[in-house]
Amino acid sequence: MSNGVDTGWETVYRDNADWIYRLVFAKVGNKPDAEDLTAEVFLAAFGSMRTSAEPPQIRAYLAATARTVLAGHWRRTFGRQINEIDLIALAEPRADDIADTERTAKRADLIIAELPERYRRILQLRFLDAYSLKEAAAELGVTVGNAKVLQHRALRLAAQAAHRLQEGSA
Amino acid sequence: MNRVDRYSEELLDQRRPQPFRATEAEAAQLRTAIDLIAARPGAADPDPDFLAALEQRLAGAASEAQSTDPADSADEPASLPRQPRFGRRRLAITAAVAAGAAAGAVAVDRLVGATGQNEEETEPTQETLHPDGAQWQTVLASENLPEGGVHEFDLGSVAGFVQRTATGLRAVSAVCTHQGCRLQLRPATHQLACPCHDAVFAMSGEIVHYQLSVELAPLPLIEVRESEGAVQVFVPR
């Protein structure tokens, strides 16, 4: 009945857990949610997936499951889609993890490069360099209150910049 | 502190963000905050402890699925070591159930969306093909249609697409309900696109997108079943 290439779900899991987690993390940006959603993807997929399928089919199936799981997460938490998993981009010749990481970094760079110096600095320090608010304020030579306001405005401007970049590339 | 600021702090501390109903402008800021934090070096690396724990959890789910599978123990010795067979066994379940569920979902959507009293008469509804003198015809071998897979078929009288989903098989016509052009499968999204006027259908037959001024009917469903290792559809000879 089986065509003899079924390597079992352990192999499927070990081959795919890392990239599924990274994919989900890139969309939610925090560890607790990324872990929960990754678990949800595998529990859902393994209930219905034929583990003897070819690796590309398995990857496509897991990606489609992740897309659905993410969409459900956004609906539940914010009542709207914050972002989505692009299955068409994923189906293109597979970029390795390094390239994916670089793409994410490049995108962040492009966004903050659009901002005036002080706004750029606060986002760089807090989001990319993991400075606390207090440390970032000290680095910039401002009060904690000022740093807070700066960060608030910087994110708002960054969102506008990201929107412009999106429009430009579309 | 507004709620976007609070969300930023939660992300920066890698805590689970609290839910709220976001406006579009807030959503854009959340999206950007995520894009920035995802670029933090090493942030996206999975925790090895988490990966190991999830593997354990899946192993538990797998052995449970195996032990609660009554048909397995009925015809095979229980001592035979075997891989868990997640949903591998597909008995001759006709897709009537899945088709019924899909049609039901469409009907509910319509009901929810309906406001006028004559809506029901003017709205195109989804039908299932019941051709006179039809018979079950094999489309392909079961093992060639994996979970999530879509297969296009053309049996002369009827062309369609059959898909194996988590809940079973389903099949729809491959002909656009607008002017009869032949739909093309988009492999990545499993959507069916019409080359004539850019209408796009889901594999359920529902309309995903179209820019026409006329109402389009969903794609007709085709009855499908699995019998003796073959996927079969109910179509005219």
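(A) The arrangement of the interface of chain B and chain A in detail. Taken together, the contact between chain B and chain A spans 50 residues of the former and 61 residues of the latter. Only helix H1 (3-12), helix H2 (24-38) and helix H3 (48-67) of chain B provide two or more residues apiece to the side of chain B that touches chain A. Class assignment of the residues belonging to the side of chain B that touches chain A gives a composition of 29 nonpolar, nine polar and twelve charged.

(B) Fine view of the pairing of strand S10 (residues 224-227) of chain B. All names here are of chain B. Two strands pair when backbone bridges link them, and S10 and strand S11 (residues 230-236) are joined in this way by four bridges, in the antiparallel orientation. Directly across from Ser227, in S11, lies its bridge partner Ala230. A loop of two residues connects S10 with S11, the two strands running antiparallel in sequence, and Glu228 in this loop sits at a positive phi of about 50°.

(C) Examining the sheet that holds strand S1 (residues 134-141) of chain B more closely. Residues and elements named next belong to chain B. Strands sit in the order S1-S11-S10 across an open sheet of three strands; the sheet is antiparallel. The open sheet terminates on both sides in strands that have one partner only, identified here as S1 and S10. Pairwise comparison of adjacent strand axes, ignoring direction, gives a mean angle of 40° for this sheet. Relative to S11, S1 is paired through seven bridges, and the arrangement is antiparallel. By the bridge assignment for S11, Trp136 is matched with Phe234.

(D) Here's a closer look at the sheet that holds strand S8 (residues 207-209) of chain B. If you trace the four strands from one edge of the open sheet to the other, you get S5-S6-S7-S8 (chain B), paired in antiparallel fashion. Two strands in the sheet have a free side with no partner beyond their single neighbour: strand S5 (184-186) and S8 of chain B.

(E) Fine view of the confidence of the model for chain A. On average, residues of chain A carry a pLDDT of 88, and 91% of them reach 70 or more. In this model residues 1-5 of chain A is a low-confidence stretch, pLDDT under 50, and it forms four contacts with partners more than four residues away in sequence or in other chains.

(F) Representation of the pairing of strand S3 (residues 159-165) of chain B within the structure. All names here are of chain B. Among the seven residues of S3, five are classified as buried, and the element is accordingly described as predominantly covered. In terms of strand pairing, strand S2 (residues 150-154) meets S3 through five bridges, oriented antiparallel. Residue Val150 lies in a different strand from S3, and its bridge partner there is Gln163. Two successive antiparallel strands, S2 and S3, enclose a turn made up of four residues, where Gly156 displays a positive phi of approximately 85°. In this antiparallel pair of consecutive strands, S3 and strand S4 (residues 168-173), the connection spans two residues.

Cut-offs applied
Residues numbered from 1 in each chain as written. Chains lettered and ligands numbered in written order. Predicted model: local features only at pLDDT ≥ 70, side-chain atom pairs only at ≥ 80, totals over all residues. Contact = placed C-beta atoms within 7 Å. Helix = DSSP H or I, 4+ residues; strand = E, 2+ residues; numbered from the N terminus. Nonpolar A, V, L, I, M, F, W, Y, C, P; charged D, E, K, R; others polar. Pairing = 2+ DSSP bridges. Axes fitted to C-alpha atoms, helices over the stretch in contact; angles between N-to-C directions. pLDDT = per-residue confidence, 0-100. Buried ≥ 20, exposed ≤ 12 C-beta atoms within 10 Å, placed from the backbone.

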